[in-house]
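Listed below are the residues making up each chain.
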Amino acid sequence: MKKNVAIVIPTLQGNGAERMVLTLAEGFIQQGYTVNIVLTLKRSIELKSNSQLKIHYFKKYYRWIPKIIRGIFLAPILDKFIVNRCDNPNLVLSNLLPSDRMLCYSKLNTYLIIHNMISKQNNNFAEVRNIYTKKPVICVSQGVKTDFDRFFNSRFPSYCVYNPIDVDFINQESIEFKPKYHDYLVHVGKFKKQKRHDILIKAYHQSGIENPLILIGKGHLKEKYKKLVNNLDLNEKVIFAGFQPNPYPFIKYARLMVLSSDFEGFGMVITEALALKTPVISTDCPSGPSEILPRDNLVPVNDIEKLAQLIQQANNNPLIFSHPLNEKFHLDSTTKKYIDIING
């Protein structure tokens, strides 16, 4: 059987879905596959990969086309582009709505990968239903799959395959440098409402601990949270470290990682932290964290007091909150699950 995969995503700027795509590409390469990546929105690459990947840019000025007909109009053009540039792959994996909007109409052997809880993230439910019931889907956690199955009665199958973690690559990148901060807590994630930095900052303040809190990421709510930090007189303790193309040293040398999200698709930074043997505590949000961490490492969503208490406990005794990375999240295991789906 031909071993040729095309992975399609809008851009390779630094977020969880983009990191997952690069890691999965490496997994397929290790299994003897030819892998091409197609970018549909921006020729922007912020993340490193183990391999020299074949990356193609589908440069079509299509934003003037109304979204309701954009996919139907562009799918044949994108199909032709993939066949020609990617040597007619026997599998296409589409990621994120701008790509899925086109590839749900693809005539190629296409699966749509769902990276987050659709019921939590999308306002235009009718459009989303129309897109994600046209192809088989692969969900990045059991929670995402349950959410999908609950809201969509698709005639196509849905699968759960966890986001892959390349432990060797993560550990290799983690020793590239040593952060100038010491004995700190860390949060890695985009400044957007879902991540609830406001809950984290307030809980950190209420915990009363002296260890600094490092916030890694970018996003439209960053200035709002800077004002919150200033209002709580935490400017000397909460550090906005910006986007980091290689966040792994910050994670490796952290005393503790804290997540405060309202919801996640998977929560890949949790498994990345566990791969680096960094303790993690998190809100017990749907979905992801409860599929990775033990119950004692979780607190209810939107509960500042309980998160503050857990921050105190974990900061005082971080080793108690250490947890090994389950083999099912390793790159080899997850890539083989993808291959099992391909082979039917």
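Keep in mind it's a predicted model, so treat the numbers as computed, not measured.

Colleague: Explanation requested: the sheet that holds strand β7 (residues 158–160) in the structure shown.
Modeller: In a beta sheet, neighbouring strands pair by backbone hydrogen bonds and run either parallel or antiparallel. Read from one edge of the open sheet, seven strands run β3-β2-β1-β4-β5-β6-β7, paired in parallel fashion. The two strands at the open ends of the sheet, each matched to only one other strand, are β3 (54–57) and β7. Sheet twist, expressed as the mean angle between neighbouring strand axes with direction ignored, is 25°. Note: strand β6 (residues 137–139) against β7, three bridges, orientation parallel. Paired with C139 across the two strands is C160, which belongs to β7.

Colleague: How do you make sense of the packing of aromatic side chains when you look at a structure like this?
Modeller: Each aromatic ring pair is described using two quantities: the centre-to-centre distance and the angle formed by the ring planes. A full pass over the atoms with the stated rule returns 14 aromatic pairs. On the numbers, 6.2 Å between centres and 70° between planes, the contact of F28 with Y338 is edge-to-face. With F28 in helix α1 (residues 16–30) and Y338 in helix α14 (residues 331–342), this residue pair connects regions lying 310 residues apart in the sequence. Given a relative accessible area of 0%, F28 falls into the buried group. With 6.4 Å between their ring centres and 50° between their planes, Y111 and Y159 make a pair best called tilted. Residue Y111 is located in strand β5 (residues 110–114), and its partner Y159 is located in strand β7; the two are separated by 48 residues in the primary sequence.

Colleague: What exactly am I supposed to notice about the pairing of strand β1 (residues 4–9) here?
Modeller: Regular strands place their side chains on alternate faces of the sheet. Burial analysis of β1 places six of its six residues in the buried class, the great majority of the element. A two-sided burial pattern is seen for β1, the buried positions comprising N4, A6 and V8 on one face and V5, I7 and I9 on the other. Strand direction decides the pairing type here: β1 and strand β2 (residues 34–39), joined by six bridges, are parallel. Across the sheet, the residue bridging to I9 is L39, located in β2. In terms of handedness, the path from β1 via α1 over to β2 forms a crossover that is right-handed. Two elements, β1 and strand β4 (residues 91–95), share four bridges in a ladder whose sense is parallel. Within β4, the position partnered with A6 by the bridge is V92.

Colleague: Sorry, what's going on with the pairing of strand β9 (residues 213–216) here?
Modeller: Side chains L213 and L215 project from β9 onto one buried face, and the interleaved I214 and I216 project onto a second face that is buried too. Regarding the hand of the β-α-β motif, the stretch spanning strand β8 (residues 185–188), helix α8 (residues 197–207) and β9 is right-handed. With four bridges connecting them, β9 and strand β10 (residues 238–242) associate as parallel partners. The partner of I216 across the bridge, within β10, is G242. Note on the crossover from β9 through helix α9 (residues 222–231) to β10: the handedness is right-handed.

Here is what the cut-offs are and how they apply
Residues numbered from 1 in each chain as written. Predicted model: local features only at pLDDT ≥ 70, side-chain atom pairs only at ≥ 80, totals over all residues. Heavy atoms only, no water. Pairing = 2+ DSSP bridges. Helix = DSSP H or I, 4+ residues; strand = E, 2+ residues; numbered from the N terminus. Axes fitted to C-alpha atoms, helices over the stretch in contact; angles between N-to-C directions. Phe/Tyr/Trp six-rings, centres within 6.5 Å; stacked < 30°, edge-to-face > 60°. Buried < 20%, exposed > 50% of the residue type's maximum accessible area, 1.4 Å probe, protein only. Right-handed = clockwise from strand over helix to strand, strands pointing away.

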